[in-house]
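Inside the fold
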Amino acid sequence: MPDPAARDAAEEASAFSHPAVDPDASAAYGAHPDQVVDFYAPRDGRTNAPLVIALHGGAWRAPYDRRHLTPFVDFLARRGFAVASVEYRRGSDIPRQGGAAPVAGRWPETLDDVAAAMDAVPELAAAHLPQADPRRIVLTGHSAGGHLALWAAARHVLPAGSPWRLPSPPALRGVVALAPIAHFDRAVELGVCGGAVTELLGGEADFAPRAAHADPALLLPTGIATTVVQGRDDIVVPPAVAEAYVEAAAKAGETVGCTLLEEVGHFPLIDPAADACAVVAEEIAQLAW
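In short, a report on the structure. On a predicted model such as this, the values are computed, not experimentally measured, just so you know. (Residues numbered from 1 in each chain as written. Predicted model: local features only at pLDDT ≥ 70, side-chain atom pairs only at ≥ 80, totals over all residues. Heavy atoms only, no water.)

With that settled, the discussion passes to the overall build of the protein chain. Each helix and strand counted, the protein chain has 9 helices and 8 strands in total. Expected size for 289 residues packed as a compact globule is a radius of gyration near 19 Å; at 17 Å, the protein chain falls within 12% of this value. In terms of overall dimensions, the protein chain has a C-alpha envelope of 50 × 50 × 40 Å along the principal axes. Out of the 289 residues belonging to the protein chain, those deemed buried represent 58%. In the protein chain, 76% of the contacts between residues at least 6 apart in sequence involve partners at least 24 apart. A total of about 11,500 Å² of accessible surface is found on the protein chain, and carbon and sulfur atoms cover 52% of it. Here the protein chain holds 21 positive side-chain charges and 36 negative ones, and the gap between their average locations is 5 Å. (Helix = DSSP H or I, 4+ residues; strand = E, 2+ residues; numbered from the N terminus. Rg over C-alpha atoms; globule rule 2.2 N^0.38 Å. Buried < 20%, exposed > 50% of the residue type's maximum accessible area, 1.4 Å probe, protein only. Contact = heavy atoms within 4.5 Å. Areas by Shrake-Rupley, 256 points an atom, 1.4 Å probe, with all protein chains shown as cover. Lys, Arg positive; Asp, Glu negative; His and termini not counted. Charge placed at Lys NZ, Arg CZ, Asp CG, Glu CD.)

Turning to the pairing of strand E3 (residues 49–55), a few remarks are in order. Burial of E3 is extensive: 7 of the 7 residues sit out of reach of the surface. In terms of strand pairing, E3 meets strand E5 (residues 132–142) through 7 bridges, oriented parallel. Residue pairing for E5: leucine 55 is matched across the bridge by glycine 141. Across 5 bridges, the pairing between E3 and strand E4 (residues 82–86) is parallel. Counted as the bridge partner of leucine 51 is alanine 82 from E4. (Pairing = 2+ DSSP bridges.)

Now for the layout of surface pockets. There is about 350 Å³ of room inside the largest pocket. Around the largest pocket, the lining is made up of 17 residues, and of these Ala59, Tyr64, Cys193, Val236 and Phe267 lie nearest the centre. Of the pockets and cavities examined, the second largest pocket occupies roughly 160 Å³. Considering the residues around the second largest pocket, the lining is formed by Ile53, Met118, Asp119, Pro122, Ile137, Ala152, Arg155, Leu166, Pro169, Pro170, Ala171 and Leu172. Considering every element that reaches the lining of the second largest pocket, the biggest residue donor is helix H3 (residues 109–128), with 3 residues. (1 Å grid on protein atoms, 1.4 Å probe; cavity = no way out; pocket = protein on both sides within 12 Å on 5 of 7 lines; lining within 4 Å. Points joined across faces, edges and corners; volume = space filled by probe spheres on them.)

With 8 of its 9 residues buried, helix H2 (residues 70–78) lies for the most part within the structure. Taken as a whole, H2 has its buried residues at Thr70, Pro71, Phe72, Val73, Asp74, Phe75, Leu76 and Ala77. Buried-residue contacts for H2 involve strand E2 (36–40), E3, E4, E5, strand E6 (174–178) and helix H9 (275–288). Glycine 80 sits one or two residues past H2 and shows a positive phi near 100°.

Negative phi values dominate among residues other than glycine, just as trans dominates among peptide bonds. Between tryptophan 107 and proline 108 the backbone carries a cis peptide bond, its omega angle lying at 5°. Here proline 108 lies in the loop between E4 and H3. Looking along the chain, the bond that leaves leucine 220 and enters proline 221 is cis, with omega of -5°. As for its position among the elements, proline 221 is in the loop between helix H7 (204–214) and strand E7 (226–231). The backbone of serine 143 sits at a positive phi, close to 65°, despite the residue not being glycine.

Right, let's talk about the packing of aromatic side chains for a bit. Enumeration over the complete set of coordinates arrives at 4 aromatic pairs. Between phenylalanine 16 and phenylalanine 267, the aromatic rings sit 5.9 Å apart at their centres with planes inclined by 75°, giving edge-to-face as the arrangement. With phenylalanine 16 in the loop between helix H1 (4–15) and strand E1 (25–28) and phenylalanine 267 in the loop between strand E8 (257–261) and H9, this pair connects stretches of sequence that are 251 residues apart. Here phenylalanine 267 falls in the buried class, since its relative accessible area comes to 10%. Between the aromatic rings of tryptophan 151 and tryptophan 164, the centroid separation amounts to 5.5 Å while the plane-to-plane angle is 80°, which identifies the pairing as edge-to-face. (Phe/Tyr/Trp six-rings, centres within 6.5 Å; stacked < 30°, edge-to-face > 60°.)

Moving on, we get to the side chain of aspartate 215. Residue position: aspartate 215 is located in the loop between H7 and E7. Of the buried charged residues, aspartate 215 lacks a salt bridge, with arginine 186 as the closest side chain of opposite charge at 12 Å. Sequence-distant contacts of aspartate 215, defined by excluding residues within four places in its chain, comprise Ala182, His183, Phe184 and Asp185. (Salt bridge = Lys/Arg side-chain N within 4 Å of Asp/Glu carboxyl O.)

Generally speaking, a soluble globular protein has its nonpolar side chains buried in company with each other. Of all hydrophobic cores here, the largest spans 69 residues; its most connected members are Leu51 and Ile181. With 9 residues, the single largest contributor to this core is H3. If sequence neighbours within four positions are ignored, isoleucine 181 has contacts with Trp60, Ser143, Ala144, His147, Ala187, Val192, Cys193, Val197, Pro216, Val237 and Val241. Counting residues in hydrophobic clusters, the runner-up holds 28 residues, among them Leu69, Phe72, Cys277 and Ala285. (Core = buried A, V, L, I, M, F, W, Y, C linked by side-chain atoms within 4.5 Å.)

The next subject is the packing of H2 against H9. Running from N to C, H2 and H9 point in directions that differ by 55°, and their axes come no closer than 11 Å. Considered as vectors, H2 and H9 are oriented oblique to each other. Note that H2 runs across H9; the crossing there is right-handed. Each of Phe72, Phe75 and Leu76 in H2 lies in contact with H9, whose residues at this interface are Cys277, Ala278, Val280, Ala281 and Ile284. Along the lines of polarity and charge, the residues of the contact of H2 with H9 split into 8 nonpolar, no polar and no charged. (Axes fitted to C-alpha atoms, helices over the stretch in contact; angles between N-to-C directions. Parallel < 35°, antiparallel > 145°, perpendicular 65-115°, else oblique. Left-handed = near helix turned anticlockwise from the far one by under 90°. Nonpolar A, V, L, I, M, F, W, Y, C, P; charged D, E, K, R; others polar.)

Keep in mind that these numbers describe shape and distance, not what the molecule does.
The structure is reproduced here in structure tokens:
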């Protein structure tokens, strides 16, 4: 049996080995340099293509931006999807005092940006990606981006008074969350991404009140078709996190699909060279078409 850490490192190296793919167009949804969306047209030239909105991962930390997701985004475009890849403000490049990793996330800016981008993408796509069909939108995201995807689909069930709350469900065909940080308490128990969840929420003192506005497991049911795709051998965001979210959904009266992939870790889900990536595209197609 291969060493889990060595396997994870090899899978990460494979996923990050592909050259970045430049977008066909980009558009700003705000004044900050990180408030931008990249658009990728379907490579087969089709029109009225389903629109996939993609949110990258990286533990909400600044060193990880949307560029690392571009091979996956291009893979989806080659499968006939129109794609909008969203950038958003993340944590500082400089570790918090006493920490080893860059700070994870900004409160409230990270969620401000995702909400603003989701609200802006349909209009921006009409101008910059006319091949997209805004009536067929599927939201996807990997790791921390999987959290943001689940959160964005749940804005209509946010607590009253939340600045991000929508009056009605977003116009989505569904969500495909890839190894998402979907259940904050379980992620903290497992030490996911070096305490990134607690940092995103601003520290332990703010954890509970802010989790009520940010933890997908507390924002159920959504009424939005949702599927989680998870590698069973993932040591970055272990399957127990996704399983806890699926269980929370069931307790709330909602069924969330969960596709567990054998002998797959964290990164093959976004690696065009991996079979797992084709599974992800099929899960998106099931909702989009």
